[in-house]
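Remarks on the overall topology
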Amino acid sequence: MEIEFKKAELEDREMITRYFRMNRNRSCEYTFANIYLWSRHYKVKYAVIEDMLVFQYTETCSFTFPQGNLEHLKKVLDILERWSAEHNVPFRLTNVNPEQFEKLEAVYPGKYTIQYYRDSADYVYETEKLITLSGKKYHGKKNHINKFKRLYPDWSYEKITADNAEDCFQMALNWRRENGCDEDEEKNAEMCVTLNSLRLMEELELTGGLLRVDGRVVAFSIGEPVCDDTMVVHIEKAYADVEGAYTMINQQFLAHEASQYQYVNREEDLGNPGLRKAKESYRPVFLVEKGLVSIAGTQEDDTKDE
């Protein structure tokens, strides 16, 4: 059998978002902007099968958990398994969270197994706590912000609009040069996504905020809601030599653009020790675990799908 998988285009945003909204999911992958921007690097395509949306990582032939009308889940799983068998590849679902695995268990008890990857887990925080930074646990963060305000009394915050996006774009180009992104494939891919996010803020319905010091952009953040109660921060950039800029843009972006959401997802740490330490220092309320699902008893490669 053949399934027509195709690359997500801008005109698909409304349809894909509609399927995402049918099942509450706080994983950072479940937004159109994330899919659209990263599919240019990780070769992700989609298909609608029996009124459910499925993405395929074409390099590994693995699928995402189907989104949409869960009454059709069993039928869609059967179709995906048959497709895998006919193409002589193992059946695998990637980036599956515990709630999704429970749904798999409900339709096929004991059939599947899951291997979670700690490096892929998203960090989710209570938005209000990251705005107020009150209490002993956030004393250090509060000090960073107070120092920023003391060192840079002429600071200001702005929502990113068509009028100031170019300033962020130029700041991102400088950041790329200063951080040697051209010599690092992963960093370069991330910066391509960052620059395209700024180019397509309106088309992708992204929300952003920036910090200025003496009129110069020194930090910016870009995100969007992933579900009704959670904002996901996709991008956050700041100059390392501007003390407290990262802490400040984190707080200011949430205070101005995300205070109506109970939670904020600040994505995974990818196994980077420094990034893990920084994300843990903000005291996540929980992690969104994600793993690789295969049919129980089959031999699987212990490799994380991208």
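Before any of the text, the structure's been laid out above.
A brief structural summary.

Conventions we followed
Residues numbered from 1 in each chain as written. Predicted model: local features only at pLDDT ≥ 70, side-chain atom pairs only at ≥ 80, totals over all residues. Heavy atoms only, no water. Helix = DSSP H or I, 4+ residues; strand = E, 2+ residues; numbered from the N terminus. Rg over C-alpha atoms; globule rule 2.2 N^0.38 Å. Buried < 20%, exposed > 50% of the residue type's maximum accessible area, 1.4 Å probe, protein only. Pairing = 2+ DSSP bridges. Core = buried A, V, L, I, M, F, W, Y, C linked by side-chain atoms within 4.5 Å. Contact = heavy atoms within 4.5 Å. Phe/Tyr/Trp six-rings, centres within 6.5 Å; stacked < 30°, edge-to-face > 60°. Lys NZ or Arg CZ within 6 Å of the ring centre and 35° of its normal. Salt bridge = Lys/Arg side-chain N within 4 Å of Asp/Glu carboxyl O. Axes fitted to C-alpha atoms, helices over the stretch in contact; angles between N-to-C directions.

This part takes up the overall build of the protein chain. Along the protein chain, the regular secondary structure elements total ten helices and 15 strands. A compact globule built from 306 residues would reach a C-alpha radius of gyration of about 19 Å, and the protein chain, at 20 Å, matches this within 12%. Considered along the principal axes of its C-alpha atoms, the protein chain spans approximately 65 × 40 × 35 Å. Here the protein chain, with 306 residues, has 52% of them falling under the buried criterion.

Another point: the environment of E185. Mapping E185 onto the fold places it in helix 8 (residues 185–199). A residue is classified by how much of its surface remains accessible, and E185, at 71% relative accessible area, is exposed. The sequence separation of E185 and K142 amounts to 43 residues, and the corresponding C-alpha distance is 35 Å.

Time to look at the pairing of strand 6 (residues 92–96). Judged by how many residues are buried, strand 6 sits mostly within the fold: five of five residues are covered. Bridge count between strand 6 and strand 15 (residues 291–295): three bridges; the pairing is antiparallel. Considered in strand 15, the bridge of V96 is made with G291.

What follows covers the nonpolar core. Counting residues in hydrophobic clusters, the biggest one holds 93 residues, and the most contacted among them are I160 and F220. Contacts of F220, omitting those with residues within four sequence positions, involve I160, C168, M171, A172, T194, L198, G209, L210, I235, E236, K237 and I249.

Moving on, we get to the packing of aromatic side chains. Summed over the entire model, instances satisfying the criterion amount to 14 aromatic pairs. Between Y46 and F55, the aromatic rings sit 6.2 Å apart at their centres with planes inclined by 55°, giving tilted as the arrangement. Ring centres 5.1 Å apart and planes at 55° place the aromatic pair F148 and Y152 in the tilted group. Of the two residues, F148 and Y152, both sit in the buried class. The positively charged end of K111 is found above the aromatic ring belonging to Y108, 4.2 Å away from the centroid. Across from the ring centre of Y282, 4.0 Å away, lies the NZ or CZ of K141, which sits over that ring.

Once that is clear, we can look at the pattern of salt bridges. Following the criterion strictly, the structure yields 21 salt bridges and no others. As a salt-bridge pair, R24 and D228 come within 2.9 Å of each other at their nearest N and O atoms. Placement of R24 in the loop between helix 1 (13–21) and helix 2 (32–42) and of D228 in the loop between strand 11 (216–227) and strand 12 (230–238) is noted, with a sequence separation of 204 residues between them. Residue class for D228 comes out exposed when judged on its relative accessible area of 57%. As a salt-bridge pair, K111 and E81 come within 2.9 Å of each other at their nearest N and O atoms.

With that out of the way, let us pick up the sheet that holds strand 12. Each strand in a sheet pairs with another by means of backbone hydrogen bonds, the pair being arranged parallel or else antiparallel. With respect to topology, seven strands assemble into an open sheet ordered 9-10-11-12-13-8-14, the strand pairing being mixed. The open sheet has two free edges, formed respectively by strand 9 (155–159) and strand 14 (286–288), since each of these has just one partner strand. Pairs of neighbouring strands in the sheet enclose a mean axial angle of 30°, with direction left out of account. Where strand 8 (residues 122–126) lies against strand 13 (residues 263–265), three bridges are found, and the strand directions are antiparallel. What sits directly across from E126, in strand 13, is Y263.

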